[in-house]
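Geometric and topological summary
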Amino acid sequence: MKKVLITLFVILTSLSCKQNNTSEIKDTTTPTSETKKDYNLKPDGSAYTEPELTSMSHQELMQVFHEVPRDTIQTIGILIYDGYFMLDAMGPMSVLSHMYPTKKILIGKNKGIITSSDNVKTQVDYSIDDIDQLDVLLIPGGVVETYNATKDEKLLNWIKKIDKNSKYTMSVCTGAWILGAAGLLEDKQATTNWYNAEERLSQYGAKYVKKRYTNDGKYWTSAGVSAGIDMSLAFIDHVLGRNYAAFTALNLEYDPNPPFTGGHPDNTDKVVTYMTEKMYNEMLQPYLKEKETKLRQNEEK
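Structural notes, computed from the coordinates. These numbers were taken from a predicted model, which means no experiment stands behind them.

Counting its regular elements, the protein contains 11 helices and 11 strands. Evaluated residue by residue, the protein yields a buried proportion of 46% over its 301 residues. Residue pairs in contact within the protein that sit at least 24 positions apart in sequence constitute 70% of those at least 6 positions apart. Accessible surface for the protein amounts to roughly 16,100 Å². Of this, 52% is attributable to carbon and sulfur atoms.

Below, the discussion takes up unusual backbone geometry. For the peptide bond that leads from Tyr100 to Pro101, omega is 5°, which places it in the cis range. A positive phi is found at Asn196, a non-glycine position, where the angle reads about 45°. Along the chain, the position of Asn196 falls in the loop between strand 8 (189-190) and helix 8 (197-202). Here Asn196 falls in the partly exposed class, since its relative accessible area comes to 24%.

A word on the pattern of salt bridges. Within this structure, the stated rule accounts for 10 salt bridges. Between Arg242 and Asp237 there is a salt bridge whose closest N-O contact spans 2.9 Å. Pair check on accessibility: Arg242 and Asp237 agree, each one buried.

With that out of the way, let us pick up the sheet that holds strand 1 (residues 75-79). The mixed open sheet is built from seven strands, whose spatial order is 5-2-1-6-7-11-10. The sheet is open, and its two borders are formed by strand 5 (126-127) and strand 10 (213-216), each paired with just one other strand. Bridging between strand 2 (residues 103-108) and strand 5 involves two bridges; their strand directions are parallel. Looking across to strand 5, one finds that Ile107 is bridged to Tyr126. Along the sheet, helix 6 (residues 153-165) contacts strand 1, strand 2, strand 6 (136-139), strand 7 (168-172) and strand 11 (219-222); its crossing angle with strand 6, the most-contacted strand, is approximately 150°.

Moving on, we come to helix 6. In a regular helix each residue adds 1.5 Å, so 13 residues correspond to 18 Å; helix 6 covers 19 Å between its end C-alpha atoms and thus fits that length. Of all the residues in helix 6, the buried ones are Leu155, Leu156, Trp158, Ile159, Ile162 and Asp163. All buried residues of helix 6 fall inside an arc of 160° around its axis, so they share one side. When the buried face of helix 6 is taken as reference, the exposed residues oriented beyond 90 degrees from it are Lys164 and Asn165. The N-cap of helix 6, judged by a side-chain oxygen 3.2 Å from the amide nitrogen of Lys154 a few residues on, is Asp152.

Tallied over the full model, the rule gives nine aromatic pairs. Relative to Tyr244, the ring of Phe65 lies with its centre 6.5 Å away and its plane at 70°, an arrangement referred to as edge-to-face. Taken together, the residues span a long stretch of sequence, with Phe65 in helix 3 (residues 58-65) and Tyr244 in helix 10 (residues 242-251) at a distance of 179 residues. Between the aromatic rings of Trp194 and Tyr280, the centroid separation amounts to 5.9 Å while the plane-to-plane angle is 45°, which identifies the pairing as tilted. You can see Trp194 sitting in the loop between strand 8 and helix 8 and its partner Tyr280 sitting in helix 11 (residues 270-300), a full 86 residues away along the chain. With a relative accessible area of 22%, Trp194 lands in the partly exposed category. Assessed through its relative accessible area of 17%, Tyr280 is described here as buried. An aromatic cluster of at least three residues, connected via ring pairs, comprises Phe65, Tyr244 and Phe247. Stacked on the ring of Tyr100, the Lys or Arg Lys104 has its end atom at 4.3 Å from the ring centre. When the ring centre of Trp177 is taken as reference, the NZ or CZ atom of Arg200 above it lies at 4.9 Å.

Let's shift gears to the packing of helix 4 (residues 86-96) against helix 9 (residues 227-240). Close contact between helix 4 and helix 9 brings their axes to 8 Å; oriented N to C, the two are set at 30°. Classified by the interaxial angle, the pair formed by helix 4 and helix 9 is roughly parallel. Handedness of the crossing formed by helix 4 with helix 9: right-handed. Touching Leu87, Gly91, Pro92, Val95 and Leu96 of helix 4 are Gly228, Ile229, Ser232, Leu233, Phe235 and Ile236, all from helix 9.

What follows concerns the nonpolar core. Generally speaking, nonpolar side chains in soluble globular proteins are found buried as a group. Core analysis: the biggest nonpolar cluster contains 70 residues, and Met99, Trp158, Ile159 and Phe235 have the highest contact counts within it. The dominant element in this core, judged by the number of residues it contributes, is helix 9, at eight residues.

With respect to the secondary-structure elements, Ala190 resides in strand 8. The sequence separation of Ala190 and Gly180 amounts to 10 residues, and the corresponding C-alpha distance is 9.6 Å. Leave out the neighbours within four places in its chain, and Ala190 touches Leu185, Leu201, Ala206, Lys207, Tyr208, Val209, Thr214 and Thr221.

Conventions we followed
- Residues numbered from 1 in each chain as written.
- Predicted model: local features only at pLDDT ≥ 70, side-chain atom pairs only at ≥ 80, totals over all residues.
- Heavy atoms only, no water.
- Helix = DSSP H or I, 4+ residues; strand = E, 2+ residues; numbered from the N terminus.
- Buried < 20%, exposed > 50% of the residue type's maximum accessible area, 1.4 Å probe, protein only.
- Contact = heavy atoms within 4.5 Å.
- Areas by Shrake-Rupley, 256 points an atom, 1.4 Å probe, with all protein chains shown as cover.
- Salt bridge = Lys/Arg side-chain N within 4 Å of Asp/Glu carboxyl O.
- Pairing = 2+ DSSP bridges.
- Axes fitted to C-alpha atoms, helices over the stretch in contact; angles between N-to-C directions.
- Expected span 1.5 Å × (residues − 1).
- Arc of directions from axis to C-beta.
- Polar contact = N/O pair within 3.5 Å; in protein donor to acceptor, adjacent residues only side chain to side chain.
- Phe/Tyr/Trp six-rings, centres within 6.5 Å; stacked < 30°, edge-to-face > 60°.
- Lys NZ or Arg CZ within 6 Å of the ring centre and 35° of its normal.
- Parallel < 35°, antiparallel > 145°, perpendicular 65-115°, else oblique.
- Left-handed = near helix turned anticlockwise from the far one by under 90°.
- Core = buried A, V, L, I, M, F, W, Y, C linked by side-chain atoms within 4.5 Å.

Shown next as structure tokens:
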């Protein structure tokens, strides 16, 4: 698979100075309901027929396929920490791994074994002390450990340092809490996990948008867990064009068809929603009470 992607990028690069199809790169930074299958059209606006496609050489097909990249991305770093939601990080990693020859790395506050909320252990070879610059920084979410990360000054200072020179800064799920705590989402449109979403983001000065993913300038944020996949596909669409994004989705066979309606409070049974919200409340309550106690103590001094 890696060889296939590298070969594809080499071919696309070789075509970058050549004339390609007449379709312009679309700005697809917000969710779209587009279902049109014939994105690549002939100059006269008609679709290619099966016989025409069959008769075309690979080089000719690639000339149709190629779109001039909007940006050059050399490094993508995904910050992970104990208790992070695995799909928050590995979903985007699976999508963004299609961007070659971009270097993708996992980064921890410290090197070594990092354990996800599902108790999956990952060896991380880079710490925040090793990384001074990234083109893209992505931060996944979790629950208690994510809340704790919003109080970690060393981590927040590193994020702010990377953000100063990054081309894009991204979060998945409650990872937006961390971006917010670093002061990066003030006056920005953003989204996050549905749990107390508006309240959480407003405390960081962000404008909550109830969407699967959002893009405000260099900042990309997604809703809970699986939404990071959608955001990452939209990001590839934004940077490399619709054809490469469609190739990525097809290569992953990303064609969601859940067995039932759900996944968000707007379309989930009330009992299920209430139980889930109560579970989150009970997980975070001790930490929120500790915060309130410290605030009172500071006020009394």
